[in-house]
Structures are given as C-alpha cells and as structure tokens.
Amino acid sequence: MKTSDTRPGVEAIAAKGWLAAHKWLILRRSSQIGILLLFLVGPWFGLWIVKGNLNFSYTLSFLPLTDPFIILQSLLARQAPEKLALIGVTIVVLFYLLVGGRSYCSWVCPVNPLTDFAYWLRVRLGLKGSAHISRPTRYWMLGMTLVAAAVTGSIAWEMVNPVSMMHRGLIFGLGLAWAVLLAVFLFDLFVMRHGWCGHLCPVGAFYSLIGRYSLTRIKLPARAACNDCMDCFAVCPEPQVIRPALKAIAGTPPVILEANCTNCGRCIDVCSKDVFAFGTRFNTTVAPVTGVPQTAPK
C-alpha cells in the first residue's frame, strides 16, 4: 500500500498496524528503562534489587555481572580482578554470545535513547548534511582506551565514558555529565547521523567483537519479497550490514552475520513485506513468496 508520506515505516503501519510496526522499538525502550530503574531504585528508594552499575553489578545478592570491557582494561592496567568479577564476566560473555554482542548497545545502553532521539529530531528537522568519519574509527578509539589503561595503570576511559557518567550523574547529580551527554546529542543532531554510536563509541566496538560469533541474528526468510522501499536502510543505525544479506552479495545467505548489527529489530518493525525476522545464524532457508518469481542470486 503506497502513501504520500515518505517517512520510514509508514507503509508498515498501514499494512500491520501501529503496534506491530513498533513492537521491537517498544520492547527495546522497555528494556533500557527497566534496566536503568533496577539500578536506581536502590539509591533512590532503598529497594536494592541490583547493587552497582553497568560495569559491575550484584543482583538479588547472588548474581554477579561484570562488563568484559572493564575486565580487559583492568588487566591491562595491571589490576587483578576478584573471583566474583571473573564469574560475572563469564556470565556476561556467554549471554552476549547467545543474544548478540551489540545487543548491549540497543537493549541496555542508556545513551542509546538519547542518540536515537537526536536522529529522530534530525529527520523531523530535515537536516541532511553530515560529516564523514569512517566507521572503523571506533576500533581506533577502542585501541586508544586500552593503551590508556596500560600506560596510566588505571581504567582511564571510565572517567569520560558517557554511559558511566550518566549512571553516576543520575545517582549523585549530573554535574559535568550534562555537558558530555549534551555534546553527544548535539554531535548526532547537527554533525553526523548516528555519529557517536555508529562511528566513535569504543564500547560498541568492543561488543561487536563478541557479536561476530553470536547465535541470535536478524534473518531474511522472505528477502525475495523486498520492494526496495529502503525503509530498513533509513532506520538502521548500521545500514551497511543489511545490503550483503538483502541483495545476496557474493552469495551471502539470508542472514545478517556482520558483527556490528545491533539486533535492534527496527528493520523488522518498518518492513511492510515481513522480509526480516529474528532467528539463529544456522538456518538460512529462504521461504518462497507467492506471486514473486524466485531467481538464483547472481
């Protein structure tokens, strides 16, 4: 069904209804807000379900969870992690090997809603211009954070990490965190589309290394039904991951195996043809589409 409104997802809303066309977005926001509240109800209201922060937490007094990026920085800074932290990092790594490393970025990170809002506002204001920073720059940023840890003997990155600053700020008062978060927002709004998360953030770069081997993937069981509306590319924070699987480039199977896919599910939401779905990296069957001739990819 065609419409004069060219915003991404309009056709999906017409075909599936508003709720189905925003299902994964709603679930992501619920996850992000819910996780943040679990950390905050302790210091705010004395209800200690989770103690700590996203670097290290202790849930219900028995479940330790540790950020593997923190552990790596600690080791390079010659700081020996405690046994509980090592148990926590094992649990976290196994979890993200299952659900996808950069799922952290789209389902957990509290800065993601801020950068998503900057993109939403950018679209509404019709801001087209964008600086050019290569996406591999984030891996250089990752390398610099690790070098800084080794040279300084401290987890230096956490002093300026927007995620850590946001957590500390919500508990103790935002202070300088306001300036850092505002800078990230303005950078994404005026300078570069998905600039921070998609091009600079070393945390996302680190989790993409785990995501390279993860089980849960975005699949394209009905890719032959694609009508080239480009809505999936418009909403994806990492649009470069879509094309190989969607267009069968070099015989790529109908599953997004690229490490930087965040498993956010927005491509599923906005596709009126139901081309995309969550699945595993192994079953790559393409379902036949009624009325669409099936041709072998060139």
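Residues numbered from 1 in each chain as written. Predicted model: local features only at pLDDT ≥ 70, side-chain atom pairs only at ≥ 80, totals over all residues. Heavy atoms only, no water.

(A) Representation of the sheet that holds strand 2 (residues 56–59). Sheet architecture is open: 3 strands sit in the order 1-2-3, paired in antiparallel fashion. Pairing within the sheet leaves two strands with one partner each, and these edge strands are strand 1 (50–52) and strand 3 (63–66). Averaged over all adjacent pairs, the angle separating strand axes in this sheet is 20°, with direction ignored. Taken together, the 4 bridges between strand 2 and strand 3 define a ladder with antiparallel strand orientation. Paired with Phe 56 across the bridge in strand 3 is Thr 66. (Pairing = 2+ DSSP bridges. Helix = DSSP H or I, 4+ residues; strand = E, 2+ residues; numbered from the N terminus. Axes fitted to C-alpha atoms, helices over the stretch in contact; angles between N-to-C directions.)

(B) Summary view of the packing of aromatic side chains. A complete count under the given rule lists 12 aromatic pairs for this structure. When the ring of Phe 95 is compared with that of Tyr 96, the centres are 5.2 Å apart and the planes differ by 75°; the resulting orientation is edge-to-face. Here Phe 95 falls in the partly exposed class, since its relative accessible area comes to 44%. A relative accessible area of 7% means that Tyr 96 is categorised as buried. Look at Phe 117 and Phe 185: their rings are 5.7 Å apart centre to centre, the planes differ by 20°, and that puts the pair in the stacked class. You can see Phe 117 sitting in helix 6 (residues 112–125) and its partner Phe 185 sitting in helix 9 (residues 176–191), a full 68 residues away along the chain. In this structure Phe 117 comes out as partly exposed when scored by relative accessible area, which is 40%. For Phe 185, a relative accessible area of 12% corresponds to the buried category. Grouping aromatic residues by their ring pairs yields a cluster made of Phe 69, Phe 95, Tyr 96, Tyr 104, Phe 206 and Tyr 207. (Phe/Tyr/Trp six-rings, centres within 6.5 Å; stacked < 30°, edge-to-face > 60°. Buried < 20%, exposed > 50% of the residue type's maximum accessible area, 1.4 Å probe, protein only.)

(C) A look at helix 8 (residues 162–172). Of the positions making up helix 8, those classed as buried are Pro 162, Val 163, Ser 164, Met 165, Met 166, His 167 and Gly 169. The backbone nitrogen of Val 163 lies 3.1 Å from a side-chain oxygen of the residue at the head of helix 8, namely Asn 161. (Polar contact = N/O pair within 3.5 Å; in protein donor to acceptor, adjacent residues only side chain to side chain.)

(D) Representation of unusual backbone geometry. Its identity as a non-glycine residue notwithstanding, Asp 228 has a phi of 60°, on the positive side. Here Asp 228 shows up in the loop between strand 4 (216–219) and helix 12 (231–235). You can call Asp 228 partly exposed: its relative accessible area is 45%. If you check the backbone angles, Asp 274 has positive phi at about 55° while not being a glycine. Here Asp 274 shows up in the loop between helix 14 (266–270) and strand 5 (277–280).

(E) Geometry of the nonpolar core. If you look at the biggest cluster of nonpolar residues, it comprises 48 residues, and the most contacted ones within it are Tyr 104, Tyr 207, Ile 242, Ile 256 and Phe 276. Broken down by element, this core gets its largest block of residues, 5 residues, from helix 11 (residues 202–211). In contact with Ile 242, other than residues within four places in its own chain, are Cys 232, Phe 233, Cys 236, Ile 256 and Phe 276. (Core = buried A, V, L, I, M, F, W, Y, C linked by side-chain atoms within 4.5 Å. Contact = heavy atoms within 4.5 Å.)

(F) The arrangement of the side chain of Asp 231 in detail. Here Asp 231 is to be found in helix 12. Judged by relative accessible area, which is 9%, Asp 231 ranks as buried. A distance of 3.0 Å separates a polar side-chain atom of Asp 231 from the backbone nitrogen of Gly 9.

(G) Geometry of the pairing of strand 3. A one-sided burial pattern is seen for strand 3, the buried positions being Pro 64 and Thr 66 and the unburied ones Leu 63 and Leu 65. Hairpin remark: strand 2 followed by strand 3, antiparallel, with 3 residues in the connecting loop; positive phi at Leu 60, about 50°.

(H) Representation of helix 3 (residues 68–76) within the structure. Regarding helix 3, the residues found buried are Pro 68, Phe 69, Ile 70, Ile 71, Gln 73 and Ser 74. Structurally, helix 3 contributes buried residues whose contacts are with strand 3, helix 4 (83–99), helix 7 (137–152) and helix 11. Where helix 3 begins, the side chain of Asp 67 points an oxygen toward the backbone nitrogen of Phe 69, at a separation of 3.0 Å. Of the residues one or two after helix 3, Arg 78 is the one with positive phi, at around 65°.

(I) How the structure looks around a nonpolar patch on the surface. Residues Ile 33, Leu 37, Trp 44, Phe 45 and Leu 47 make up a contiguous nonpolar surface patch of about 560 Å² in total accessible area. In this fold, Trp 44 is placed in helix 2 (residues 23–45). With a relative accessible area of 43%, Trp 44 lands in the partly exposed category. (Patch = residues over 30% accessible without salt bridge, like charges linked within 9 Å, V, L, I, M, F, W, Y side chains within 5 Å. Areas by Shrake-Rupley, 256 points an atom, 1.4 Å probe, with all protein chains shown as cover. Salt bridge = Lys/Arg side-chain N within 4 Å of Asp/Glu carboxyl O.)

(J) Structural view of the pattern of salt bridges. Within the structure shown, the criterion is met by 8 salt bridges. In this structure, the salt-bridge partner of Arg 138 is Glu 238, at a minimum N-O distance of 2.7 Å. Residue Arg 138 is located in helix 7, and its partner Glu 238 is located in the loop between helix 12 and helix 13 (242–246); the two are separated by 100 residues in the primary sequence. The exposure classification of Arg 138 matches that of Glu 238, with both residues buried.

(K) Inspection of the packing of helix 2 against helix 8 at higher detail. Where helix 2 contacts helix 8, the axes come no closer than 10 Å and their chain directions differ by 30°. Helix 2 and helix 8 meet at a crossing whose hand is right-handed. Here Leu 36, Phe 39, Leu 40, Pro 43 and Trp 44 of helix 2 lie close against helix 8, whose contacting residues are His 167, Leu 170 and Ile 171. Split by residue class, the contact of helix 2 with helix 8 holds 7 nonpolar, 1 polar and no charged. (Left-handed = near helix turned anticlockwise from the far one by under 90°. Nonpolar A, V, L, I, M, F, W, Y, C, P; charged D, E, K, R; others polar.)

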